Amino acid sequence: MQTIQDHLNRTLTLPHPPKRIISLVPAITETMYHLGLEGKIVGRTRFCIHPKDKVQQAINIGGTKEIKLDRIHELKPDLIIAEKEENTKEIVETLEQFYPVFVFEVKSITDVYRMIADVGRLTEREAESTNLVEGIQREILHIPNVKCKRAAYVIWQRPYMVVGKDTYIQSLLTEMGFTNPFTALEGRYPAVTEEDFRQAELDFILLATEPYPFREKHIAEFQAMLPDVKPVIVDGEMFWYGAKMIQAAAYFREKFSG
C-alpha cells in the first residue's frame, strides 16, 4: 500500500501499484493509455474517446458530471482518477466513501507535467511518464509564436463564453504568444457580449469545436459581427492536455505558422 497526497492535498491510501483504475477525465485517460496502462484501466467516461482503438476495452461508467455508481461498484476499482474542474465535488465526495479518489488540478502547462509525473508515480510508469514529459517539452519548443496577437477563445454561444484566467487553454495561448483580453474578467470561463468582443480590439477569434460545436457555418456570423477580426475554427481536442500535446504541436504549426 502507499499513502499519498493528491493535488488538493487530500491524503489517500491505495495499492502500489493499483490494478483496477477508473478515469473520469478524458485527457488523463488518453495519457494513461499512452503510458501503457491499458491492462489496468477498467472504467472510463463516455467522453473518454481516445485512443479510439483501446478505450472500448474499458466500461463506460457515465459522464464527467454524472456517473453510474452501480457500474463503478461492479468494477471494484482500487483507484479512481478525477480532476477538480472536470468533475464535480459531489462526485468526488460520493466516490471517496468507497474508493481512493486521486484528484488532479490542471490549470497550466506546468500542472500538466506534474500530472503526468504523478500518474507515472502512482502506477509504476515513471520512465514512461518522464519520456512523455520530455517529448512534450521538445514539441512545445517548436509551436508557432504569433507575436502578441490579441485573441478570444470561444467555447459557447447564447451566451457567448470564452476562456479566461487560470486555465490550461489560457496557459497554452500564452505559450503561443496570444494575448487574451478576457483574462481580466472574473471567472475561468466568463460570459461576454457582442460589445465585449468589439471593445477587445481582437486580431483573432478562435472558435472551438467543443464543448459547443462551432463549425465553418459560424464563420460568417462572426465576420458580420467583427469585420476586422479573423475568425478561425480550431479543433478543441488539440487543446486537451497530456498525451494529446504531442499531436497538438504539429497542428498548431500548420494552423498558425506564417
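Sequence order as written defines the numbering, with residues in each chain counted from 1. Per-residue local features are limited, in this predicted model, to residues with pLDDT of at least 70; the limit for side-chain atom pairs, both in listing and counting, is 80 or more; totals at the level of whole chains, interfaces and linings are taken over all residues. As a convention, hydrogens and water are excluded, and side-chain values are obtained from all of the structure's heavy atoms.

S.K.: Talk me through the overall build of the protein; I want residue IDs and the actual numbers.
M.R.: To qualify as a helix, a DSSP run of H or I must reach at least 4 residues; to qualify as a strand, a run of E must reach at least 2; elements of each kind are numbered from the N terminus. When its secondary structure is counted, the protein shows 9 helices and 12 strands. The C-alpha radius of gyration of the protein comes to 19 Å, within 12% of the 18 Å expected for a compact globule of 258 residues. Principal-axis analysis of the C-alpha atoms places the extent of the protein at approximately 60 × 35 × 35 Å. For the protein, buried positions account for 54% of its 258 residues. C-alpha atoms define the radius of gyration, and 2.2 Å times the number of residues to the power 0.38 defines the globule rule. The classification of residues rests on relative accessible area computed with a 1.4 Å probe and restricted to protein chains. Under 20% of the type maximum is buried, over 50% is exposed, and intermediate values are partly exposed.

S.K.: I'd like a description of the sheet that holds strand β12 (residues 230–234), backed by residues and values.
M.R.: For two strands to be treated as a pair, DSSP must find at least two bridges joining them. Overall, mixed pairing links the 5 strands, which are arranged β10-β9-β8-β11-β12 in an open sheet. The open sheet terminates on both sides in strands that have one partner only, identified here as β10 (191–192) and β12. Strand direction decides the pairing type here: strand β8 (residues 151–156) and strand β9 (residues 160–162), joined by 2 bridges, are antiparallel. Note on β9: the bridge partner recorded for Trp156 is Met161. Contact between two residues is taken to exist if any of their heavy atoms lie within 4.5 Å; hydrogens are not considered. In this description, a line fitted to the C-alpha atoms serves as the axis of each element, helices being fitted only across the stretch in contact, and the angle between N-to-C directions of two axes falls anywhere from 0 to 180 degrees. Along the sheet, helix α9 (residues 244–256) makes contact with β11 (204–208) and β12, crossing β12 at roughly 155 degrees.

S.K.: I'd love a proper account of the sheet that holds strand β4 (residues 41–44), names of residues and values included.
M.R.: Pairing between the strands of a sheet is mediated by backbone hydrogen bonds and can be parallel or antiparallel. Spatially, 5 strands are ordered β5-β4-β3-β6-β7 in an open sheet, and the strand pairing comes out parallel. Only two strands of the sheet have a single neighbouring strand rather than two, namely β5 (59–60) and β7 (101–104). For strand β3 (residues 21–23) and β4, the ladder comprises 3 bridges, and the chain directions are parallel. In the strand pairing of β4, Ile21 is matched with Ile41. Strands β3, β6 (79–83) and β7 of the sheet are contacted by helix α4 (residues 109–123), whose axis makes an angle of about 160 degrees with β7.

S.K.: So, the packing of helix α1 (residues 26–34) against α4: which residues are in play, and what are the values?
M.R.: One can describe the packing of α1 onto α4 by two numbers: an axis separation of 11 Å at closest approach and a directional angle of 55 degrees. With respect to α4, the axis of α1 lies oblique. Regarding α1 and α4, the two cross each other, and that crossing is right-handed. Along its contact with α1, which presents Ile28, Thr31 and Met32, the element α4 presents Met115, Ile116 and Val119. Angles below 35 degrees are treated as roughly parallel, those above 145 as roughly antiparallel, those between 65 and 115 as roughly perpendicular, and all remaining angles as oblique. In this scheme the crossing of two helices becomes right-handed for a clockwise turn of the near helix relative to the far one and left-handed for an anticlockwise turn of less than a right angle.

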